[in-house]
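Structure assessment
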Amino acid sequence: MTNGISRRRVLGATGAVGLSALAGCLGGPSILERGTNDESTSMSGPPTADRSLPEEYTADELEAASLSGGPGQDGIPSIDEPQFASADDPPATLEADDPVFGVEMDGEAKAYPQYILVWHEIVNDVVGGEPVAVTYCPLTGTAQGFYRGESEFGVSGQLINSNLVMFDRGTETWWPQILAWGLNGPLEGAYLEEFQVTWTTWGRWREQYPETVVLTEETGHIRNYGDDPYGEYNPRSGYYDNENTLFTPLATDDQFPPKAVVIGMRNADGAMAVPKETLRDQLVIEGTVSDVPYVTVYDEALDTGYVYHNPATEAVEYDDGTFTVDGDEYDPDALPLEREIAFDAMWFAWFGYYPSTVVHE
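The rules behind these values
Residues numbered from 1 in each chain as written. Predicted model: local features only at pLDDT ≥ 70, side-chain atom pairs only at ≥ 80, totals over all residues. Heavy atoms only, no water. Helix = DSSP H or I, 4+ residues; strand = E, 2+ residues; numbered from the N terminus. Buried < 20%, exposed > 50% of the residue type's maximum accessible area, 1.4 Å probe, protein only. Contact = heavy atoms within 4.5 Å. Areas by Shrake-Rupley, 256 points an atom, 1.4 Å probe, with all protein chains shown as cover. Polar contact = N/O pair within 3.5 Å; in protein donor to acceptor, adjacent residues only side chain to side chain. Salt bridge = Lys/Arg side-chain N within 4 Å of Asp/Glu carboxyl O. Pairing = 2+ DSSP bridges. 1 Å grid on protein atoms, 1.4 Å probe; cavity = no way out; pocket = protein on both sides within 12 Å on 5 of 7 lines; lining within 4 Å. Points joined across faces, edges and corners; volume = space filled by probe spheres on them. Nonpolar A, V, L, I, M, F, W, Y, C, P; charged D, E, K, R; others polar. Phe/Tyr/Trp six-rings, centres within 6.5 Å; stacked < 30°, edge-to-face > 60°. Patch = residues over 30% accessible without salt bridge, like charges linked within 9 Å, V, L, I, M, F, W, Y side chains within 5 Å. Lys, Arg positive; Asp, Glu negative; His and termini not counted. Charge placed at Lys NZ, Arg CZ, Asp CG, Glu CD. pLDDT = per-residue confidence, 0-100.

**Examining the overall build of the chain**
- Along the backbone of the chain there are eight helices and 28 strands.
- Every one of the 361 residues in the chain was classed for burial, and the buried ones make up 56%.
- Pairs at least 24 apart in sequence give 67% of the contacts found in the chain among residues at least 6 apart.
- Accessible area for the chain stands at about 14,600 Å²; split by element, carbon and sulfur atoms hold 43% of it.

**So, the side chain of aspartate 303**
- Secondary-structure assignment places aspartate 303 in the loop between β21 (292-299) and β22 (304-309).
- Overall, the relative accessible area of 16% leaves aspartate 303 in the buried class.
- There is a polar contact of 2.8 Å between the side chain of aspartate 303 and the side chain of arginine 280.

**Looking at the pattern of salt bridges**
- Scanning all chains against the criterion turns up nine salt bridges.
- For arginine 51, the salt bridge identified is with glutamate 194, shortest N-O distance 2.9 Å. One end of the pair, arginine 51, is in the loop between β1 (48-49) and α4 (59-65); the other, glutamate 194, is in strand β13 (residues 194-195), and 143 residues separate them in sequence.
- Under the relative-accessibility criterion, arginine 51 is labelled partly exposed at 25%.
- Aspartate 344 is the partner of lysine 276 in a salt bridge, and the nearest nitrogen-oxygen pair spans 2.6 Å. One end of the pair, lysine 276, is in helix α7 (residues 276-282); the other, aspartate 344, is in strand β27 (residues 342-346), with 68 residues separating them in the sequence.
- For lysine 276, a relative accessible area of 4% corresponds to the buried category.
- Bridged by salt links that share partners, the residues Asp74, Asp80, Glu152 and Arg169 form one connected network.

**Focus: the side chain of glutamine 144**
- In this fold, glutamine 144 is placed in strand β8 (residues 142-147).
- Classification of glutamine 144 by relative accessible area gives buried; the value is 2%.
- Polar contacts involving the side chain of glutamine 144 include one to the side chain of glutamate 194, which spans 3.5 Å.
- In this structure, glutamine 144 is in contact with Ala133, Val134, Thr135, Gln177, Ile178, Glu194, Val197, Arg266 and Phe343, ignoring residues within four places of it in sequence.

**So, the sheet that holds strand β2 (residues 67-68)**
- Here four strands make up an open sheet; going across it, the order is β2-β9-β10-β11 and the pairing antiparallel. Edge positions in the open sheet fall to β2 and β11 (174-176), since each of these has one partner strand only.

**Quick notes on empty space enclosed by the protein**
- Counting across every chain of the model gives four cavities of 30 Å³ or more.
- Around the largest cavity, the lining residues are Pro54, Glu55, Glu56, Tyr57, Leu62, Leu179, Trp181, Tyr191, Tyr353 and Tyr354.
- Grouping the amino acids of the lining of the largest cavity by side-chain chemistry returns eight nonpolar, no polar and two charged.
- In this structure, the second largest cavity spans a volume of roughly 60 Å³.
- Contributing to the lining of the second largest cavity are Gln196, Val197, Thr198, Trp199, Ile263, Thr304, Gly305, Tyr306, Ala342, Phe343 and Asp344.

**Thoughts on the pairing of strand β23 (residues 316-319)**
- Where β23 and strand β24 (residues 322-325) come together, four bridges link them in antiparallel fashion. Along β24, the bridge assignment pairs tyrosine 318 with phenylalanine 323.
- Counted between consecutive antiparallel strands, the loop separating β23 from β24 contains two residues, among which aspartate 320 sits at a positive phi close to 55 degrees.

**Focus: the packing of aromatic side chains**
- Following the criterion strictly, the structure yields 17 aromatic pairs and no others.
- With 5.9 Å between their ring centres and 85 degrees between their planes, phenylalanine 84 and tyrosine 112 make a pair best called edge-to-face. Here the residue phenylalanine 84 occupies a position in strand β3 (residues 84-86), and tyrosine 112 occupies one in strand β5 (residues 108-113), the gap between them amounting to 28 residues.
- Since its relative accessible area comes to 25%, phenylalanine 84 is described here as partly exposed.
- The class of tyrosine 112 is buried, set by a relative accessible area of 0%.

**A few points about a negative patch on the surface**
- Residues Glu314, Glu317, Asp319, Asp320, Asp326, Asp328 and Glu329 make up a contiguous surface patch of negative charge.
- Where the negative patch is concerned, the elements lending two or more residues are β23 and β25 (328-330).

**What about the pairing of β22?**
- Of all six residues in β22, six are buried; the element is thus mostly enclosed.
- In β22, alternate side chains face the same way, and those of Thr304, Tyr306 and Tyr308 on one face and Gly305, Val307 and His309 on the other are all buried.
- Of the pairings in the sheet, the one linking β21 to β22 comprises six bridges and is antiparallel in character. Looking at β22, one finds that threonine 296 is bridged to valine 307.
- Hairpin remark: β21 followed by β22, antiparallel, with four residues in the connecting loop; positive phi at aspartate 303, about 55 degrees.

**Concerning the confidence of the model for the chain**
- In the predicted model, the chain carries a mean pLDDT of 90, and 88% of its residues have values of at least 70.
- Counting contacts from residues 1-22, a segment whose pLDDT is below 50, to residues more than four positions away or on other chains yields 35 contacts.
- The low-confidence segment residues 24-42, where pLDDT is below 50, has 60 contacts with residues more than four positions distant or belonging to other chains.

Here is the structure:
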């Protein structure tokens, strides 16, 4: 069992390059070596969605880019029996400015601290009566949510484009997190059903959702919680605060620093990215994807952004703390437009998977 002390020693001795030996998304047999069996294919996998997302690489190209090393399959253990505390009694080490990944479904709100998920990457949970998986890849700064049905997700031990490759325990299909796409196995070529996960801070989330509960350190595993093996977010340091990537991305672009945070969205129209720092300044950013209009708005309360499909090019304006559409006022997360799934990502990781991405500034 890997522990925080040994990982810290490796970091101190080898610097950024040494992280490749312990990267949370690495380890285990290669995808080509894995194979399936009759028992696994007869089990129930996660629900899949009738959707179309950009596919800029073939399965063979992605398999060729996969890396293994460090912990093997389930060597980084998912949290399968999560325990929660109320907002009035959070973990003692959780500070107001610490990142959390917030989820609200059917009136139930939950927060998942980054400093806990950095050691586990996947939480199999139930929110609002729905079996879900909240997932996080430290190397790409991506927190995403997937419906899991009767199955559970685990950490495969593989990494593609520095990004976590999950597997579902029902069918043993492999799923690169950002792509949400079945790479190899009985569900190859299928897409997962996603839901919105908000990257914010504990103080912001608690203010907006005072009835929230928060994941605790009672995970069933012994880890140095609060001692992030990659650095720190509060304040930002280590891997999160330099321009070094541990592995060469699938594609590169120098329009932004590699780890600049963008809000990424992809659907049948294509892929788009909005620099988060620019959105903070401008509050409303418009653009098109394949000539289809979209608008992204900033939520100051949660320090996040929402992407809306805007085919009629409705005028969206910000005025004195509120957004107006056709003269009526709305909260940023409730515009009368179709909202898309979007999430924070490091630029190098987003562009690596989606080199045709359109940038809206």
